[in-house]
Amino acid sequence: MSSIRILFIGAHPDDCEVFGGGTVALFAQQGHSVKCISATDGSAGHHTLSGSALIARRAQEVQAAAHILGVTYEILPLGDGQLMPTLENRMLIIRKIREWQADIVITHRPNDYHPDHRYLSRLVQDAAYMIMVPHVASQTPPLRKNPLFLYFADRFQKPNPFSPDIAVDIDEVYQQKIQAIHAHQSQFYEWIPWIEHHQEEVPATDEARQAWLQQRWTFPVSPRMRHSLEKWYGPDKAARVQHAEAFEICEYGHQPTEEDIRRLFPIMGAV
């Protein structure tokens with residue numbers, strides 16, 4: 001089995017873990033080449049910390065999560081809450097996809113609550129064809145084949161709801177995913193509880209925090225996701241899955257057959 005090169009591109013330094021951490025861990029566990037990128041520096045994601053202090057803290061948290069997942073992680077020097085689909089940023093994304101020689105690229109969908117998520121999705125979409133064009137971002141050699149582009153799951157319904165085209169059983173690595181999310185202390189025990197008005201619920205001890213985190217971030221399997229799991233794992237195994245991650249196929253880039261998906265997702269095993 002040849003190594004798969006997979007690139008997760010999140011808008012912030014924790015998005016890859018939240019939306020794809022289990023899948024990241026499974027690919028890395030099998031020895032595939034996995035890289036996570038945060039398109040912004042995370043400098044807006046706190047209510048008290050700011051500037052270089054917050055950037056440094058989030059960079060430390062990213063490296064801790066990367067160590068837990070066993071992957072490469074890079075933070076791009078773009079401002080949090082300021083990401084725009086500019087030509088300059090498109091060239092940057094094109095270069096990053098080319099440099100990794102990605103077989104699979106996964107990012108946010110274009111309809112999302114956060115502008116950074118939306119505009120990153122636009123940037124990756126705009127790169128999807130251009131990564132093969134030699135005279136665009138010509139300082140980095142073009143790819144000779146188009147990767148499979150996928151979207152993270154979300155709850156948004158308009159203009160169209162998320163489609164779980166590919167679903168991955170992450171039960172085996174669920175605790176690893178929780179540990180990676182736990183590494184982002186500034187986010188899950190400080191910033192998010194503050195912005196969502198439940199900071200009084202955050203436990204004081206490390207052990208209690210991890211238990212609390214699992215209660216709040218359960219990643220339940222929806223009926224549509226269960227149906228997708230049945231396709232990829234068979235009904236017997238799908239019925240037993242407690243935690244899963246799902247991805248939608250982008251209409252840009254490589255349009256895969258079922259055989260292509262099984263080849264690119266060896267982590268699903270044989271049915």
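Being a predicted model, the structure only gives us computed values, none of them experimental.

Asker: With reference to specific residues and values, describe the overall build of the protein chain.
Answerer: Helix and strand counts for the protein chain stand at ten helices and seven strands. Against the globule reference of 18 Å for 271 residues, the protein chain gives a C-alpha radius of gyration of 18 Å, in line with a compact fold. Seen along its three principal axes, the alpha-carbon backbone of the protein chain occupies a region of about 50 × 50 × 35 Å. Taking all contacts inside the protein chain whose residues are at least 6 apart in sequence as the whole, residues at least 24 apart take part in 78%. If you sum the accessible surface of the protein chain, you get close to 12,400 Å²; carbon and sulfur atoms cover 52% of it.

Asker: For the sheet that holds strand E4 (residues 104-107), give the residues involved together with the corresponding values.
Answerer: Here seven strands make up an open sheet; going across it, the order is E3-E2-E1-E4-E5-E7-E6 and the pairing mixed. Looking at which strands have only one partner, the edges of the open sheet turn out to be strand E3 (72-75) and strand E6 (166-169). With direction set aside, neighbouring strand axes in the sheet form an average angle of 25°. In the sheet, strand E1 (residues 5-10) pairs with strand E2 (residues 33-38) via six bridges, with the strands oriented parallel. Residue pairing in the sheet places Ile6 in a bridge with Val34 of E2.

Asker: Got a sec to walk through helix H4 (residues 115-130)? Specific residues and values, please.
Answerer: In this model H4 runs 23 Å from its N-terminal to its C-terminal C-alpha over 16 residues, within 8% of the 22 Å that 1.5 Å per residue would give. When H4 is considered as a whole, its buried residues turn out to be Asp116, His117, Leu120, Ser121, Leu123, Val124, Gln125, Ala127 and Ala128. Check the buried side of H4 and you find it contacts E1, helix H1 (15-29), helix H3 (87-100), E4, strand E5 (148-152) and strand E7 (244-253).

Asker: Which residues make up the side chain of Lys96, and what values go with them?
Answerer: You can see Lys96 is positioned in helix H3. The exposure class of Lys96 is buried, given its relative accessible area of 13%. The contacts of Lys96, once residues within four sequence positions are left out, are Leu7, Ile37, Glu74 and Leu76.

Asker: So what's going on with the nonpolar core? Which residues, and what values?
Answerer: Judged by nonpolar contacts, the single largest core of 46 residues is most densely connected at Phe8, Ile104, Leu150, Val168 and Phe265. Excluding residues that lie within four positions of it along the chain, Leu150 makes contacts with Ile104, Val105, Ile106, Thr107, Ile166, Phe247, Glu248, Ile249, Cys250 and Phe265. Ile94, Ile97, Ala127 and Tyr151 belong to the second largest nonpolar core, which has 28 residues in total.

Asker: So what's going on with unusual backbone geometry? Residues and values would help.
Answerer: The residue after Lys158, namely Pro159, is reached through a cis peptide bond having omega 5°. By the secondary structure assignment, Pro159 is in the loop between E5 and E6. Even without being glycine, Gln101 reaches a positive phi, approximately 55°. Note on placement: Gln101 falls in the loop between H3 and E4. Of the residues examined, Gln101 reaches a relative accessible area of 43% and is grouped as partly exposed. With a phi close to 65°, His197 is a non-glycine residue in the positive phi region.

Asker: Quick one: what's the story with the state of the cysteines, residue by residue and with numbers?
Answerer: Two cysteines joined by a covalent bond between their sulfur atoms form a disulfide. Tallying each qualifying case throughout the model produces zero disulfides. Cysteine Cys16 is unpaired, with the sulfur of Cys36 as its nearest cysteine sulfur at 4.2 Å. Just so you know, Cys250 is unpaired, no disulfide at all, and the nearest cysteine sulfur is the one on Cys16, 17 Å from it. Exposure remark for Cys250: the relative accessible area of 3% places this residue in the buried category.

Asker: Now, about the packing of aromatic side chains: what can you tell me, with residues and values included?
Answerer: Scanning all chains against the criterion turns up six aromatic pairs. Relative to Phe152, the ring of Phe8 lies with its centre 6.5 Å away and its plane at 15°, an arrangement referred to as stacked. A residue pair is termed long-range when its members are at least 10 positions apart, and Phe8 in strand E1 and Phe152 in strand E5 qualify at 144 residues. Assigned by exposure class, Phe8 and Phe152 land together as buried. Between Tyr189 and Trp212 the ring centres are 6.1 Å apart and the planes differ by 40°, which places this aromatic pair in the tilted class. Within this pair, whereas Tyr189 is found in helix H6 (residues 185-195), its partner Trp212 is found in helix H7 (residues 206-216), the two being separated by 23 residues in sequence. In this structure Tyr189 comes out as buried when scored by relative accessible area, which is 4%. The class of Trp212 is buried, set by a relative accessible area of 9%. Members of the aromatic cluster, joined through ring pairs, are Phe8, Phe19 and Phe152. We note Arg5 situated over the ring of Trp100; from NZ or CZ to the ring centre the distance is 4.4 Å. Lying across the ring of Tyr119, Arg118 places its NZ or CZ 6.0 Å from the centre.

Parameters and conventions
Residues numbered from 1 in each chain as written. Predicted model: local features only at pLDDT ≥ 70, side-chain atom pairs only at ≥ 80, totals over all residues. Heavy atoms only, no water. Helix = DSSP H or I, 4+ residues; strand = E, 2+ residues; numbered from the N terminus. Rg over C-alpha atoms; globule rule 2.2 N^0.38 Å. Contact = heavy atoms within 4.5 Å. Areas by Shrake-Rupley, 256 points an atom, 1.4 Å probe, with all protein chains shown as cover. Pairing = 2+ DSSP bridges. Axes fitted to C-alpha atoms, helices over the stretch in contact; angles between N-to-C directions. Expected span 1.5 Å × (residues − 1). Buried < 20%, exposed > 50% of the residue type's maximum accessible area, 1.4 Å probe, protein only. Core = buried A, V, L, I, M, F, W, Y, C linked by side-chain atoms within 4.5 Å. Disulfide = S-S within 2.5 Å. Phe/Tyr/Trp six-rings, centres within 6.5 Å; stacked < 30°, edge-to-face > 60°. Lys NZ or Arg CZ within 6 Å of the ring centre and 35° of its normal.

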